[in-house]
Amino acid sequence: MTTRRTGTLLGMVAVVALVVVACLLLATGLGRGNAVAASPLVGHRAPDFTLPALPGTVATGSERQVRLSALRGQVVLVNFWASWCTECRDEQADLNRLWTRYRDARVVVVGVDFQDAAGDARGFVARSGATYPVVADRRSQTALAYGVRGIPETYLVAPDGRLVDRVVGAVDADRLGRRIDALLDGARS
Amino acid sequence: MTVRRRTGPLLVLLATLTALAALAVVGVRPGPAPTRAAQAYRIAAGLRCPVCQDLSVADSPAPLARQMRHRITADLAAGRSAALIRARFVSAYGPSVLMSPTGTGVGTVVRALPVVVPGAGLVVGGVLLRRWLSGRRAAPPARAPAPARRPVSRPRQAAPRGPRWRRRAVVLAAALAAAVGVSTALVGAVQPRSASSTVAAAPGQTVRGAPDGQAALAAAVRRVRRHPRDVAAHLALARAYASLGQQRLAAIEYLAVARVDPGNAEASTALAMMAFVARAPAEAKRIVDRVLRAHPGYPEALYTRGLVQLMGLRHLSAGRADLHAYLRVAPFGAHRRTVETLLALSEKGPPR
């Protein structure tokens, strides 16, 4: 009788454990969507970089390089991309929209060209109509410092220099706009 | 006999001590210093290529892995230790970049699994074996047919096992299905809405799937109707009107924002600019002064006040100061070219 009861108890424990494990696996596994993804850097100071402007891009004007720490006090959107990346082409309209909307509200979009040929990158920028600063990460040191795994990947940096979000895949202007609004509200209050 | 009995263990002890001493000498003696390439290889072999399926950085042909190898070599050349190099990769990519789990957090669980799982298996197996053996012992002998002593009710052990196990399988399947359902619901509740679902919900600007300005305007109007006190909705509608050149309607929406949120910087600055265009520079300055008191350094407001002072009120030095401040706070701002031109012109006198 006792053996039967122990067996039933063991069976129940096994079923409960299985359900809990399945729940955890599904919740964490399915949660990795194409949106905001976890990064060990989130909440910490964003790695600083000084990168040369991509030659021939219009946005840089007199600025021949972009230094992240010089943009302290502004919300910075660091977007890693390459000319051969299809999703980067898809997200371009959204990035342009964000730039147009926020460029005079203390927000800077910085495009970081990564693992790309300079000529192809220039062609991409010319076709895409991007007017924000675009820099070249020729040795991928900045991408490695940010933990970039694939492109496009976009990092949102708060005015105090903290990295607050990592977006894997194409950005969505509306969703990211809401995050930027929240950061700007926080910075103003 | 006694001597032999004593020397035997002594000899074994001596041999063991000698072996241990020899091992210690071999282990402690430093080998030849590894070359930098060997060091780099060892570090790379301990790191997982972030874009590959279970390949180390040392073995992966991916460009990212190649650049990680370059960085390892450069860091070693700069005198950084292997631990520091590893830590830098972990800080960017997380502990999953290490080929072997760490001894902290989830890593502890992973390390414990090879011990825990077989242990649990042994326990379960032991319990099952015990039950099986006790069942066999309790079962009636196979060669003891006793038709006359047939039991009235069938003993439990002899009950057909099929239905019971089937019932358990059904319960298990139902539990798993429930888990799937609950998890999906939880994930759905936690995850932000997908891009396609935000088209109707937040159509402030031209949105994905609705690039046309008119469509964006229609969506913004719908949003304002649904949420008449939502500042973001009114701002989106004002921007939609402004982008279509309907300044008067845009002004109405900015006024609506100012009613709901009197301190809103964007709406107030836009209204100040409208006042300036309508040849009311003093009113424009009054509005934008209030904005800058609440949000010093707001680029659009600095630009607007600079214009108002320089071109409307002819306050040359104050206007120039605002425009210079704009250039400082908006290094990539939309009005940089205009501001630079205005500043160049103002050196010769107030621009007309």
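Within any chain, residue numbers begin from 1 and follow the written order of that chain's sequence. Ligands are numbered from 1 and chains lettered from A, in the order in which they are written. pLDDT decides what is reported in this predicted model: residues at 70 or higher carry local features, side-chain atom pairs at 80 or more are listed and counted, and totals for whole chains, interfaces and linings draw on all residues regardless. Note: side-chain values were computed over all heavy atoms of the structure, leaving out hydrogens and water.

Student: Would you explain the packing of helix α2 (residues 36-45) of chain B against helix α3 (residues 63-77) of chain B in this entry?
Tutor: Think of two packed helices as two axes; the pair is described by the angle between the axes and how far apart they sit. Residue and element names in this part refer to chain B. Across the interface, α2 lies against α3 with an axial gap of 10 Å and an inter-helix angle of 130°. One way to sum up the angle between α2 and α3 is to call them oblique. As for how α2 packs across α3, the hand of that crossing is right-handed. For the pair α2 and α3, the contacting residues are Arg36, Gln39, Ala40, Ile43 and Ala44 in the first and Arg69, Ile72, Thr73, Leu76 and Ala77 in the second. Inter-axis angles, ranging from 0 to 180 degrees, are taken between N-to-C directions of lines fitted to C-alpha atoms, where helices are fitted over the stretch in contact. Per the convention used, a helix needs a DSSP run of H or I reaching at least four residues, while a strand needs a run of E reaching at least two, with both numbered from the N terminus. Orientation is classified from the angle alone, with under 35 degrees giving roughly parallel, over 145 giving roughly antiparallel, 65 to 115 giving roughly perpendicular, and any other angle giving oblique. By convention, the crossing between two helices is left-handed when the near helix turns anticlockwise from the far helix through less than a right angle, and right-handed when the turn is clockwise. By the convention used here, residues are in contact when the closest approach between their heavy atoms is within 4.5 Å.

Student: Just to check I follow, could you spell out the packing of aromatic side chains for this structure?
Tutor: Any two aromatic rings considered together are summarised by their centre-to-centre distance and by the angle between their planes. Note on ring pairs: Phe, Tyr and Trp rings are taken, using the six-membered ring of Trp, and paired if centres are within 6.5 Å. Classes follow the plane angle, with under 30 degrees stacked, over 60 edge-to-face and the rest tilted. Applying the stated criterion across every chain, the model contains eight aromatic pairs over all chains. Summarising the aromatic geometry, the rings of Phe80 of chain A and Phe114 of chain A are spaced 6.3 Å apart at their centres and angled 80° between planes, so their arrangement reads as edge-to-face. With a gap of 34 residues between them, Phe80 of chain A in strand β3 (residues 75-81) and Phe114 of chain A in strand β4 (residues 107-114) connect regions that are remote in the sequence. Phe114 of chain A matches Phe80 of chain A in its accessibility class, with the two residues each being buried. Ring centres 6.3 Å apart and planes at 80° place the aromatic pair Trp99 of chain A and Tyr132 of chain A in the edge-to-face group. Of this pair, Trp99 of chain A sits in helix α2 (residues 86-102) while Tyr132 of chain A sits in the loop between α3 (118-128) and β5 (134-137), and the two are 33 residues apart along the sequence. Both residues of the pair, Trp99 of chain A and Tyr132 of chain A, count as buried. Ring pairing ties together the aromatic residues Phe49, Phe80, Phe114, Tyr146 and Tyr155 of chain A, which thus form one cluster. Over the ring of Tyr102 of chain A we find Arg101 of chain A, and its NZ or CZ is 4.2 Å from the ring centre. Counting as a charge over the ring demands two things of the Lys NZ or Arg CZ atom: a distance within 6 Å of the ring centre and an angle within 35 degrees of the ring normal. Over the face of the ring belonging to Phe89 of chain B we find Arg71 of chain B, whose NZ or CZ atom lies 5.0 Å from the ring centre. Only protein chains enter the calculation, and the probe is 1.4 Å; a residue is then buried if its accessible area is under 20% of its type maximum, exposed if over 50%, and partly exposed in between.

Student: I tried to follow the pattern of salt bridges on my own but got confused; where do I start?
Tutor: Should the charged atoms of two oppositely charged side chains come close, the side chains can pair. Salt-bridge detection follows one rule: a side-chain nitrogen of Lys or Arg within 4 Å of a carboxyl oxygen of Asp or Glu. Inspection of every chain in the model, using the stated rule, returns 17 salt bridges over all chains. Glu283 of chain B is the salt-bridge partner of Arg286 of chain B, the closest N and O atoms lying 2.6 Å from each other. Of this pair, Arg286 of chain B and Glu283 of chain B are both found in helix α12 (residues 281-294), three residues apart, which corresponds to roughly one turn of the helix. Taking relative accessible area as the criterion, Arg286 of chain B reaches 44% and is therefore assigned partly exposed. Assessed through its relative accessible area of 35%, Glu283 of chain B is described here as partly exposed. The salt bridge partner of Asp289 of chain B is Arg305 of chain B, with a shortest N-O separation of 2.8 Å. Taken as a pair, Asp289 of chain B in helix α12 and Arg305 of chain B in helix α13 (residues 299-312) lie far apart in primary sequence, 16 residues in all. By the burial criterion, Asp289 of chain B is buried, and Arg305 of chain B matches it. Each of the salt bridges in this network shares a partner with another, and the network as a whole consists of Arg101 and Asp181 of chain A together with Arg239 and Glu266 of chain B.

Student: I would appreciate a short explanation of the environment of Val76 of chain A in the present structure.
Tutor: Residues and elements named next belong to chain A. Examined against the element boundaries, Val76 turns out to sit in strand β3. A relative accessible area of 1% places Val76 in the buried class. In the structure, Val76 is positioned 34 residues away from Val110 in sequence and 7.2 Å away in space, judged by C-alpha atoms.

Student: Looking at this structure, how should I read the environment of Gly119 of chain A?
Tutor: Residues and elements named next belong to chain A. Summarising the element assignment, Gly119 is placed in helix α3. You can call Gly119 partly exposed: its relative accessible area is 42%. Here the alpha-carbon distance between Gly119 and Leu54, two residues 65 residues apart in the chain, equals 9.7 Å.

Student: Explain the packing of α12 of chain B against α13 of chain B to me, please; I cannot follow it from the model alone.
Tutor: Residue and element names in this part refer to chain B. Remark: α12 packs on α13, axes separated minimally by 9 Å, with the N-to-C direction vectors making an angle of 150°. Compared by their axis directions, α12 and α13 come out roughly antiparallel. As α12 runs across α13, the sense of the crossing is left-handed. Residues Pro281, Ala284, Lys285, Val288, Asp289, Val291 and Leu292 of α12 touch α13, and the partners they reach there are Ala301, Leu302, Thr304, Arg305, Val308, Gln309 and Gly312. Under the scheme applied here, ten amino acids are nonpolar (Ala, Val, Leu, Ile, Met, Phe, Trp, Tyr, Cys and Pro), four are charged (Asp, Glu, Lys and Arg), and all others, including Gly, are polar. Its residues placed into classes, the contact of α12 with α13 shows eight nonpolar, three polar and three charged.

Student: Is there a simple way to explain the pairing of β5 of chain A in this structure?
Tutor: Remember that side chains alternate between the two faces of the sheet whenever the strand is regular. Residues and elements named next belong to chain A. Taking every second residue as pointing to the same face, both faces of β5 are buried, with Val134 and Ala136 on one and Val135 and Asp137 on the other. When DSSP finds two or more bridges between a pair of strands, those strands are recorded as paired. Two strands pair when backbone bridges link them, and β4 and β5 are joined in this way by four bridges, in the parallel orientation. Bridge pairing in β5 links Asp113 to Ala136. A clockwise course of the path from the first strand over the helix to the second, judged with the strands pointing away from the viewer, identifies a crossover as right-handed. Tracing the backbone out of β4, into α3 and back to the parallel element β5 gives a crossover that is right-handed.

Student: Where do I start with a nonpolar patch on the surface in this structure?
Tutor: A surface patch of nonpolar side chains, about 530 Å² in accessible area, is lined by Leu10, Leu13, Leu17, Leu20 and Leu23 of chain B. Along the chain, Leu20 of chain B falls in helix α1 (residues 2-28). Patch membership is restricted to residues that have no salt bridge and whose relative accessible area is over 30%. Joining uses 9 Å for like charges and 5 Å for the nonpolar side chains Val, Leu, Ile, Met, Phe, Trp and Tyr. Areas reported here follow the Shrake-Rupley algorithm with a probe of radius 1.4 Å; residue values treat only the protein chains shown as occluding.

Student: Is there a simple way to think about the state of the cysteines in this case?
Tutor: Where two cysteines share a covalent bond between their sulfur atoms, that bond is called a disulfide. In this description, the term disulfide denotes a pair of cysteine sulfurs within 2.5 Å. The tally for this structure, following the rule as stated, stands at two disulfides over all chains. Disulfide pairing places Cys85 of chain A opposite Cys88 of chain A at an S-S distance of 2.2 Å. Taking the torsion about the sulfur-sulfur bond, which here is approximately 90°, the covalent link between Cys85 of chain A and Cys88 of chain A counts as right-handed. Between the sulfur of Cys49 of chain B and that of Cys52 of chain B lies a disulfide, 2.2 Å long from S to S. With the S-S bond torsion at 55°, the cross-link from Cys49 of chain B to Cys52 of chain B turns out right-handed. Relative accessible area serves as the criterion here: at 1%, Cys49 of chain B is assigned to the buried category.

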